[in-house]
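What follows is each chain in one-letter form.
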Amino acid sequence: YVEIDLSVIPSEASVARAELRDRVLTTTSLLPFFQPGAVAVIGASRNPANIGGRILNALTANGFIGPIYPINPHASSIGSLTAYPSLQSLPQNVDLAVVAVPRDAVLRVIDDCAARGVRAVIVITAGFAESGADGRELQNRLLEKIRGYGMRMVGPNCMGLLNADPAVRLNASFAPDFPPFGRVAFCSQSGALGLAIISLARERELGLSSFVSVGNKADVSSNDMLQFWEEDKNTGVILLYLESFGNPRRFARIAHRVSRHKPIVAVKAGRTRAGRRAAGSHTAALAASDIAVDALFHQTGVIRAETLDEMFDIAAALSLQPLPAGRRVAILTNAGGLGILCADSCEAAGLSVQELGETTKNQLRTFLPATASVANPVDMIASAGVEDFRKAVEILLAAPEVDSLIVLTIHVGLADTTEIGRAICAGVRAARRRGGNGKPVLTCIMDKAIAGKPIRADDEQLPNYAFPESAARVLGKLARYAEWRNQPPGIVPDFDDIHPQTARALCRKALQESGAGWLSVEQTRSVLSAFALPLPRSGVCRTPEEAAALAQDIGFPVALKLASRQIVHKSEFGGVRLNLQDGSAVVKAFGEIRDRLVKERKLDAFDGVLVQPMIAGGVELMVGVTEDPLFGPLIGFGLGGIHVEILKDICFRVTPITDRDAAEMVRSIRGYRLLEGYRGHPPADIPAIEDLLLRVARLVEEVPEISELDLNPIIALPPGQGCLIVDARIHVTPLH
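Residues numbered from 1 in each chain as written. Predicted model: local features only at pLDDT ≥ 70, side-chain atom pairs only at ≥ 80, totals over all residues. Heavy atoms only, no water.

Visitor: Looking at this model, I keep getting lost on the overall build of the protein. Mind explaining?
Guide: When helices and strands are tallied, the protein shows 24 helices and 31 strands. Along the longest, intermediate and shortest principal axes, the C-alpha atoms of the protein span 100 × 80 × 60 Å. Within the protein, buried positions represent 56% of all 736 residues. A separation threshold of at least 6 residues defines the contact pool for the protein, and within that pool the share at least 24 residues apart is 71%. Of the roughly 30900 Å² that the protein leaves accessible, carbon and sulfur atoms contribute 52%. Side-chain charges of the protein comprise 77 positive and 80 negative groups, with the mean position of each set lying 3 Å from the other. (Helix = DSSP H or I, 4+ residues; strand = E, 2+ residues; numbered from the N terminus. Buried < 20%, exposed > 50% of the residue type's maximum accessible area, 1.4 Å probe, protein only. Contact = heavy atoms within 4.5 Å. Areas by Shrake-Rupley, 256 points an atom, 1.4 Å probe, with all protein chains shown as cover. Lys, Arg positive; Asp, Glu negative; His and termini not counted. Charge placed at Lys NZ, Arg CZ, Asp CG, Glu CD.)

Encoded structure:
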């Protein structure tokens, strides 16, 4: 016989292959929604005010290129179309069915769709999971039918979808407006909001490739749409309005891949603190669900918009202009106040408004009046004419010290804003020929007639904003996204000196013996040691004589700390004694700690004392992990001791983290200057800190029973000397 051994451990190649297969299958399964050969509207109505009537009217009014079949057993015709009593009576098969019937009839309709070979259904009907327990149960039955038949479903409780491609012109929704065709795709979790979004897209002349209202996301989700639009040749920018994440980890994998070549802009509703907050952990107290969203978006390259208005502002720039190669921005204006406001906002957005080079300034001086400022912002003053704008734009955009350009103007009666817009476009075209390619140009022409609408002239289109601050914020977010995309992707390193099985066994044994709660000091040290995390030489002692002997062995001076699973904040309880110089001081400190417990009637909380060496110098840091109920482990890093509570100078990331994430975390806190070395204070061993972060992240991934972890303080020693975890707590919870 032949024996074959197959490894079931995922490898980089097998994961990539699985993701490719998932992407291909998902994209193929969604094509009937956007390129159907024929569409049936089940529940079509003669009443144009009914949902079924509105959907049928939207399909016909916007020129869908294929056959449209109204399904209504009580009508022989609706409008100019022949109506049919059922799907079975249709003259041909249909790819897409839009279902707008009462809730209790939906499951029966799905059976009919399957019998007629329908591959895709949009369930507009509400009253499912969003309405309570009965609705959730009905939605589960609906999904079971859909998957059993091998179909795909958008909804239920949605407003439908549209494809603005002129070769399709599908409006399978009850949206009254049909947007212009463009490169932007939009997925909304809110149906009502979708109506406003489509209207706003038309108002701002923002072209959409397609739009989907996913509703309850029972089957087709935002994750599916990301994969579809990743492969869609008509889509260059993806917009998301999210109220919840179905599977954040899958979203992270997909978004990270898609963001590498197509920008994703997201508005995430619900920014208030939510989820669990454990009293004993600094990390849990500082982490909120919105912090997890910020971390997830940052790690995956998703551009977060604060509002729908800002999302459209960002989308306009991404769809019309290239990404900046750097953060250096030039500002051109005919009003000094506008330039100042814009410069302040640019600096706040992380952009650099540096003075222009002498060559560029001399070129500007050849035609600008002596009273004009040619530093940066360039203020041409109110007398600037159309030709001044054209020349200045050409010079600034072609300048080697400029990565992007913002042009601001306000009507002062000397030049028509429409003519100025044409002049700006002409200057941009000329600069592109002189080396200005690949540099974005944003405008703010303060004229209410064109506010928010792009400036067009020949083949050049420039996003135009109502206020200079808006342009600055958008450009700042584009610059950060460009930097993220241009950096090489990080890797999750492996370690050959870790023992995950040992750590898991320790935590599971503790749960069996004591249930959910904090590990003992000894258990905590054992778990950390299993991942080769740096601990000073120390031990737990239960008598004063043991403590004095161990202190002698470690070497004076030493610290004594209460070892207790119940008393988390030892220093507040008076359970910490520092700089003990000899054995008698150790014995005395031991007695004081135990006497305090007796006085407070908490002797049952006494597990002994931890004896540690005093560590001189270094910078106090903290690393913590809290389990977000949706996102999984959330790891935080910042200055340690009381600084983390007072300053809240802490950076969070969602695990798993890469080496790039670890490096960013260390450098993103305001206290990083201390780690570099500040005013004679020696620098810290930054590679050792990054290694510690990666090991902690791996620990909580490998041991899911760890619900909280708090390492505070960690002493970061000078370069080459590593770092040491002085105090540690681990909370474990059974898996559900």
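Further notes follow.
Visitor: Explain the pairing of strand β9 (residues 170-173) here, please?
Guide: Each regular strand shows side chains that alternate between the opposite faces of the sheet. Covered by surrounding structure in β9 are L170 and A172 together with N171 and S173, the residues of both alternating faces. Relative to β9, strand β8 (residues 160-163) runs antiparallel, the two sharing four bridges. Bridged to N163 within β9 is L170. (Pairing = 2+ DSSP bridges.)

Visitor: When you look at helix α4 (residues 133-148) in this model, what are you seeing that I'm missing?
Guide: Along an α-helix, residues three or four apart share an orientation, since each turn contains 3.6 residues. Over its 16 residues, α4 runs 23 Å from end to end, which matches the ideal 22 Å to within 8%, given 1.5 Å per residue. For α4, the full list of buried residues reads G135, L138, Q139, L142, L143 and I146. Along the axis of α4, the buried positions cluster into a sector of 140°, meaning they face one direction only. Facing away from the buried side of α4, by more than 90 degrees, are the exposed residues A133, D134, N140, E144, R147 and G148. (Expected span 1.5 Å × (residues − 1). Arc of directions from axis to C-beta.)

Visitor: Would you explain unusual backbone geometry in this entry?
Guide: Leaving glycine aside, a negative phi is the common case for residues, and trans is the common case for peptide bonds. Here F556 and P557 are connected by a cis peptide whose omega angle stands at 0°. In this fold, P557 is placed in the loop between α18 (544-554) and β23 (558-562). Of note, the bond from N712 into P713 is cis; its omega dihedral lies within 30 degrees of zero at 5°. One can find P713 in strand β29 (residues 706-716).

Visitor: Explain the pattern of salt bridges to me, please; I cannot follow it from the model alone.
Guide: A side chain of one charge can pair with a side chain of the opposite charge if their charged atoms are brought near each other. Applying the stated criterion across every chain yields a total of 44 salt bridges. Measuring nitrogen to oxygen at the nearest pair gives 2.9 Å for the salt bridge that ties K145 to D111. Of this pair, K145 sits in helix α4 while D111 sits in helix α3 (residues 106-115), and the two are 34 residues apart along the sequence. Accessibility expressed as a relative area gives 26% for D111, which makes it partly exposed. Of the charged contacts, one joins R257 and E230 as a salt bridge, the two residues approaching to 2.9 Å between their closest N and O atoms. (Salt bridge = Lys/Arg side-chain N within 4 Å of Asp/Glu carboxyl O.)

Visitor: Mind showing me how you'd approach the packing of α3 against α4 here?
Guide: In a pair of packed helices, the angle between the axes and the distance between the axes together describe the arrangement. It is the contact of α3 with α4, at a shortest axis distance of 10 Å, that shows an interaxial angle of 0°. In this view, α3 runs roughly parallel relative to α4, as classed from their interaxial angle. Across from V106, L107, I110 and D111 in α3, the residues of α4 making contact are L138, R141, L142, K145 and I146. Among the residues making up the contact of α3 with α4, the classes are represented as six nonpolar, no polar and three charged. (Axes fitted to C-alpha atoms, helices over the stretch in contact; angles between N-to-C directions. Parallel < 35°, antiparallel > 145°, perpendicular 65-115°, else oblique. Nonpolar A, V, L, I, M, F, W, Y, C, P; charged D, E, K, R; others polar.)

Visitor: Help me understand the nonpolar core, please; the structure alone is not making it clear to me.
Guide: Nonpolar side chains in soluble globular proteins tend to be buried together. Counting 109 residues, the largest nonpolar core has F33, I122 and M225 as its most contacted members. If you tally residues by element for this core, the top one is helix α15 (residues 468-486), at eight residues. Core analysis: the next-biggest nonpolar cluster, separate from the first, contains 49 residues, A510, L511, A530 and L639 among them. (Core = buried A, V, L, I, M, F, W, Y, C linked by side-chain atoms within 4.5 Å.)

Visitor: Just to check I follow, could you spell out the side chain of S319 for this structure?
Guide: Tracing the backbone shows S319 in helix α10 (residues 308-320). Residue classification places S319 among the buried positions, given a relative accessible area of 17%. Beyond its immediate sequence surroundings of up to four residues, S319 is in contact with R183, V184, L206 and V237.

Visitor: For this particular structure, what's the right way to read the sheet that holds strand β12 (residues 237-242)?
Guide: Neighbouring strands of a sheet are bound in pairs by backbone hydrogen bonds; such pairs are parallel or else antiparallel. Across the sheet, seven strands lie side by side as β9-β8-β11-β10-β12-β13-β14; this open sheet has mixed pairing. In this open sheet, the two strands that pair with only one neighbour each are β9 and β14 (303-304).

Visitor: Sorry, what's going on with the packing of aromatic side chains here?
Guide: Two descriptors summarise a pair of aromatic rings, namely the distance from one centre to the other and the angle between the planes of the rings. Counted according to the given criterion, the structure contains ten aromatic pairs. Plain terms: the ring middles of F34 and F228 are 4.7 Å apart, the flat faces sit at 20° to each other, and that makes the pair stacked. Here F34, found in helix α1 (residues 12-34), pairs with F228, found in helix α6 (residues 222-231); they are 194 residues apart in sequence, far enough to count as distant. The exposure class assigned to F228 is buried, which follows from its relative accessible area of 6%. The structure contains a cluster of three or more aromatic residues connected by ring pairs, namely F245, F251, F297 and F631. A cation sits over an aromatic face here: R260 above W484, 4.4 Å from the ring centre. (Phe/Tyr/Trp six-rings, centres within 6.5 Å; stacked < 30°, edge-to-face > 60°. Lys NZ or Arg CZ within 6 Å of the ring centre and 35° of its normal.)

Visitor: I would appreciate a short explanation of the pairing of strand β17 (residues 404-410) in the present structure.
Guide: Most of β17 is tucked away, with six of its seven residues classed as buried. In this structure, strand β15 (residues 329-333) lies alongside β17, joined through five bridges in parallel fashion. Following the sheet pairing, T333 is matched in β17 by L408. Relative to strand β18 (residues 441-446), β17 runs parallel, the two being bridged by six bridges. Looking at β18, one finds that V407 is bridged to T443.

Visitor: When you look at the sheet that holds strand β5 (residues 96-99) in this model, what are you seeing that I'm missing?
Guide: Spatially, β2-β1-β5-β6-β7 is the arrangement adopted by the five strands of the open sheet, whose pairing is parallel. Where the open sheet ends on each side, the last strands, each with one partner, are β2 (68-71) and β7 (152-154). Strand-to-strand twist in this sheet, taken as the mean axis angle between neighbours without regard to direction, amounts to 20°.

Visitor: Would you mind going over the state of the cysteines with me for this structure?
Guide: In protein structure, a disulfide is the covalent linkage between the sulfur atoms of two cysteines. All told, the structure shown has zero disulfides when counted by the stated rule. Considering cysteine sulfurs only, C158 is the nearest to C187, which forms no disulfide, with 11 Å between them. With relative accessibility at 0%, the residue C187 sits in the buried group. Take C651: it sits in no disulfide, and the sulfur closest to it among the cysteines is that of C723, at 17 Å. Relative accessible area serves as the criterion here: at 8%, C651 is assigned to the buried category. (Disulfide = S-S within 2.5 Å.)

Visitor: It is not clear to me how the environment of R253 should be interpreted in this structure. Could you clarify?
Guide: Mapped onto the fold, R253 is located in helix α7 (residues 248-258). Classification of R253 by relative accessible area gives partly exposed; the value is 45%. A sequence separation of 234 residues divides R253 from E19, and the C-alpha atoms of the two residues are 9.1 Å apart.

Visitor: Please explain empty space enclosed by the protein as it appears in this structure.
Guide: Where empty space is left becomes clear once a probe the size of a water molecule has been rolled over the atoms. By the definition in use, this model includes three cavities of 30 Å³ or more. Of the voids in this model, the largest cavity is the one considered here, and its volume is about 240 Å³. Considering the residues around the largest cavity, the lining is formed by 24 residues, among which V521, K570, D727, A728 and R729 are closest to the centre. The leading source of residues in the lining of the largest cavity is helix α17 (residues 521-530), at four residues. By residue class, the composition of the lining of the largest cavity is 13 nonpolar, four polar and seven charged. (1 Å grid on protein atoms, 1.4 Å probe; cavity = no way out; pocket = protein on both sides within 12 Å on 5 of 7 lines; lining within 4 Å. Points joined across faces, edges and corners; volume = space filled by probe spheres on them.)

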